[in-house]
Amino acid sequence: MMERNNLNDTFKIDEMKNLTRIIALLAVTGAIVAVNGCKPKGPQEAVVGNAAAKVYVAPGKYDEFYNIVSGGFNGQMSIYGIPSGRLLRIVPVFSQFAESGYGFSEETKPMLNTSHGFVPWDDLHHIALSVTNGEHDGRWAFGNGNNTPRVARVSLKTFKTEEILELPNSGGNHSSPFITENSEYIVAGTRFSVPVGDNRDVPISSYKQNFKGTISFIKIDPASGRMNIGFQLKTPGVDFDLSRAGKGPSHGWFFFSCYNTEQAYTLLEVNATQKDKDFIMAVNWKKAEEYIAQGKGEKVKAKYAHNVLDEKTHTATSEMMTEVLQLDPTVLKDIIYFIPCPKSPHGCDTDPSGEYIVASGKLAALIPVFSFSKIQKAIADKDFEGEFAGIPVIKYESALHGEVKKPGLGPLHTEFDNEGNAYTSFFVSSEIVKWNVKSLEVLDRVPTYYSIGHLSVPGGPTRKPHGKYVIAYNKITKDRYLPTGPELTQSAQLYDISGDKMQLLLDFPTTGEPHYAEAIPASLVMPNSVKIFKIEDNNHPYAAKGEKEAKVVRKGNEVHVSMTAIRSHLVPDNIEGIKLGDVVYFHVTNLEQDWDVPHGFAIKGAANAEILIMPGETQTLKWIPDEVGVSPFYCTDFCSALHQEMQGYARVSAAGSNTPLKFSTGVIAEEAKSSPK
């Protein structure tokens, strides 16, 4: 009877807990409904005053900033001009891009190689621009692949993806690719903890015992930008969300938000929101470097791809790596510390001074701001409330600078201006709130349209914000643009922050699903932009650097066509002797040495895309003909008044035929001369 009573009591307690959770969820839902009910009713309430004049960029003039925006599920980066909001270019990164042939040409296919083979898609969430002394230096943009854990580096000289590095021992790559003060490292924290090591076939219900996370510190070569995994930190099995490096006094540290400290593995919307506080994880990466120098790291087996584009051959290569260096912070206890943070923290941002760390608990009704100097004192005094999975937990009050009270609902991300102010996005209440970092006083708030996710102040994550604007990247765009069926365009909004009060200036549609973005002054990028690739520097093995070098060569069943393109013809433009069963490679070299004169190439029936070839570059299209006949090929990028004449024919004969291999341009054969008119 006693045992039954205990069970009944336990059941009643569980019922009460569930009832409490339901009430809490209903309260949040009610708040959402109430907030949505308060939203402006239409676009007529959005823009007032001199907004149009502030975003107008006259014909022939340039924008002030490049805005480099993640494409989310399209796997790309997009480049916009600010303040006009004009889309300048889509840079293919993790996904095939038929518009340029990225991931379709033989030269770029290796960029998408992984330990799982060819993976032509990913989910690019965040951007990090390279910095020197904590300020933008205009060299590289980094992006994360959230699905198949990868990090990419894009050159800001060519706006081409130059390198992709896969991350082993990771179940996802969300808190990435944030960068240290002198671009020493970018980081990658696993979103999904997973079983690692040799025994991965374990019950999902054994999460607490067998699931682990990792934080990868990716070393960046200061001259070339080349990446390699410097080391990985093994962590408890939780979910890592976002991160920022320290600056100034906190340089040498990194801060990560983590949730699901309940270590739930099902219905996380309920089971990973049980605790009032999760954690900010503070990482002393300088200390980790010291341990590595002392030989305390452990090399473990791993398999991951490292893909690099050679700028001389315009060709990518893929190398499979086999080991990674790891450190165990449960043994080396002064590498990482946890700081309690309410509740399910999402954004984790350091202010320009490096003293303050802003953590945004997306279910919290306040914003905690932590003090780096207080964190250091707490560590020195061992002012801990205990451990979590073998990691010391600093007391909340001991690390806290203060709390921003009643700032809004659903705080997500924070960026900074150059006057000591912070700008935080609020998803639930659809607004941007401006507040002072030291006094924690709320100064201003403006609505967004609607449900803002990330936001970006030019230079906002650096030691020297450029200020002037904040850009909101919103999740819902109802009533903002002409409808296009069930799927509406994604949207960004530009606000002027140069005065005391923020002012909405502009809506502009975006591609993919923008998450995070960075904006950089055009003056740091534009002067270094590459206009052409010098033809004499082209070391592609099949490059034809002049029309006299054009040729067609058979190697077994492979036919290699070294072709040239220049306004307004292709050499060769007549090819015969190809047979069914052959694999044909069109290696097309663009002979132009003039800016903005690319040529394209496509052939009828190719199970492929076009290729787009920049001046001085060579790209290769693979074609496996599947029928006897004559297939036309042509330039796909309008290049001159005689662009339509830039075409040719490839004749395909039956397998085993004796049609000789020959090629030409401008040759009129005898039978053509004698044919009746």
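Whatever comes next refers back to the structure up there.
If you're wondering where the values come from, they're calculated on a predicted model, not measured in any experiment.

The next thing to look at is the overall build of the chain. Broken down by element type, the chain carries eight helices and 46 strands. Whereas a compact globule of 677 residues would reach a radius of gyration of roughly 26 Å, the chain reaches 28 Å, a difference of no more than 12%. Based on the C-alpha atoms only, the size of the chain along its principal axes is roughly 105 × 65 × 50 Å. Here the chain holds 677 residues, and 56% of them are scored as buried. Per element, the accessible surface of the chain, about 29,000 Å² overall, is 55% carbon and sulfur. Across the chain, the 68 positively charged side chains and the 78 negatively charged ones have centroids separated by 1 Å.

If you look at the biggest cluster of nonpolar residues, it comprises 29 residues, and the most contacted ones within it are F217, L233, F254, V283 and I335. Not counting residues within four places of it along the chain, the set of residues in contact with F217 comprises Y185, I186, V187, N228, I229, G230, F231, L233, F254, V283 and W285.

Pairing in this open sheet of four strands is antiparallel, and the strands run 27-28-29-30 from one edge to the other. Every other strand in the sheet has two partners, leaving strand 27 (411-416) and strand 30 (442-447) as the edge strands with one partner each. Between one strand axis and the next, the sheet turns through 20° on average, direction left out of account. Pairing geometry for strand 27 and strand 28 (residues 421-426), over four bridges, is antiparallel. Paired with E415 across the bridge in strand 28 is Y423.

Here a ring pair, both rings aromatic, is described through the centre-centre distance and the interplanar angle of the planes. For the structure on display, the rule yields 25 aromatic pairs. Plain terms: the ring middles of F178 and Y516 are 6.4 Å apart, the flat faces sit at 55° to each other, and that makes the pair tilted. With F178 in the loop between strand 10 (173-175) and strand 11 (185-190) and Y516 in the loop between strand 34 (503-510) and strand 35 (517-521), this residue pair connects regions lying 338 residues apart in the sequence. Here the two residues F178 and Y516 agree in accessibility, since each one is buried. Sitting above the plane of the Y396 ring, K277 keeps its charged end 4.8 Å from the centroid. Note that K531 overlies the ring of W595, its terminal NZ or CZ placed 4.5 Å from the centroid.

On to the pattern of salt bridges, then. Within the structure shown, the criterion is met by 31 salt bridges. One salt bridge connects R153 with E162, and the closest N-O pair in it is separated by 2.6 Å. Judged by relative accessible area, E162 falls into the buried class, the value being 16%. The closest approach of N and O atoms between K299 and E323, which form a salt bridge, is 3.6 Å. Taken as a pair, K299 in strand 18 (residues 298-310) and E323 in strand 19 (residues 315-327) lie far apart in primary sequence, 24 residues in all. Note on E323: relative accessible area 40%, which makes it partly exposed. Through salt bridges that share partners, R153, E162, E163 and R226 make up one connected network.

Of all the nine residues making up strand 37 (residues 558-566), seven are buried; the element is thus mostly covered by neighbouring parts of the structure. Sheet topology places strand 36 (residues 551-555) next to strand 37; five bridges connect them, and they run antiparallel. Note that in strand 37 the partner of K551 across the bridge is S562. Joining the antiparallel neighbours strand 36 and strand 37 is a turn of two residues, in which G556 adopts a positive phi near 65°. Judged from the eight bridges that link them, strand 37 and strand 40 (residues 583-590) form a sheet pairing that is parallel. Across the sheet, residue E558 finds its bridge partner in strand 40, namely V583. As defined by bridge partners, strand 37 adjoins strand 38 (residues 569-571) across three bridges and the pair is classed as antiparallel.

Another point: the environment of G512. Here G512 is to be found in the loop between strand 34 and strand 35. Sequence-wise, G512 and S78 are 434 residues apart; in three dimensions their C-alpha atoms are separated by 8.9 Å. The contacts of G512, once residues within four sequence positions are left out, are G71, F73, N74 and Q490.

Moving on, we come to helix 5 (residues 285-293). When helix 5 is considered as a whole, its buried residues turn out to be W285, A288 and Y291. Taken down its axis, helix 5 places every buried residue within 105° of arc, on the same side. Here the buried face of helix 5 lies against strand 11, strand 13 (211-220), strand 14 (227-235), strand 16 (253-259), strand 17 (278-284) and strand 19. With a side-chain oxygen lying 3.4 Å from the backbone nitrogen of K286, the N-terminal cap of helix 5 falls on N284. Count one or two residues on from helix 5 and you reach G295, which has phi positive near 80°.

Residues of helix 6 (residues 372-380) that are buried include every one of F372, I375, A378 and I379, and no others. Buried positions in helix 6, seen along its axis, are confined to an arc of 120° and lie on one side of it. Opposite the buried face of helix 6, by more than 90 degrees, sit the exposed residues K377 and A380. K382, located one to two residues past helix 6, shows a positive phi value of around 50°.

Looking now at the side chain of E513. Topologically, E513 is positioned in the loop between strand 34 and strand 35. E513 has contacts with S70, G71, G72, F73, K475 and Q490, leaving out every residue within four places of it along the chain.

Read across the open sheet, the six strands follow the order 42-41-44-45-39-46; overall the sheet is mixed. Because the sheet does not close on itself, it has two edges, and the strands there are strand 42 (611-613) and strand 46 (662-664). The mean inter-strand angle of the sheet, taken between neighbouring strand axes irrespective of direction, is 25°. Sheet analysis places strand 41 (residues 599-603) next to strand 42, joined by three bridges and oriented antiparallel. From the neighbouring strand, H599 faces strand 42, where its bridge partner is I613.

Reading guide: rules and limits
- Residues numbered from 1 in each chain as written.
- Predicted model: local features only at pLDDT ≥ 70, side-chain atom pairs only at ≥ 80, totals over all residues.
- Heavy atoms only, no water.
- Helix = DSSP H or I, 4+ residues; strand = E, 2+ residues; numbered from the N terminus.
- Rg over C-alpha atoms; globule rule 2.2 N^0.38 Å.
- Buried < 20%, exposed > 50% of the residue type's maximum accessible area, 1.4 Å probe, protein only.
- Areas by Shrake-Rupley, 256 points an atom, 1.4 Å probe, with all protein chains shown as cover.
- Lys, Arg positive; Asp, Glu negative; His and termini not counted.
- Charge placed at Lys NZ, Arg CZ, Asp CG, Glu CD.
- Core = buried A, V, L, I, M, F, W, Y, C linked by side-chain atoms within 4.5 Å.
- Contact = heavy atoms within 4.5 Å.
- Pairing = 2+ DSSP bridges.
- Axes fitted to C-alpha atoms, helices over the stretch in contact; angles between N-to-C directions.
- Phe/Tyr/Trp six-rings, centres within 6.5 Å; stacked < 30°, edge-to-face > 60°.
- Lys NZ or Arg CZ within 6 Å of the ring centre and 35° of its normal.
- Salt bridge = Lys/Arg side-chain N within 4 Å of Asp/Glu carboxyl O.
- Arc of directions from axis to C-beta.
- Polar contact = N/O pair within 3.5 Å; in protein donor to acceptor, adjacent residues only side chain to side chain.

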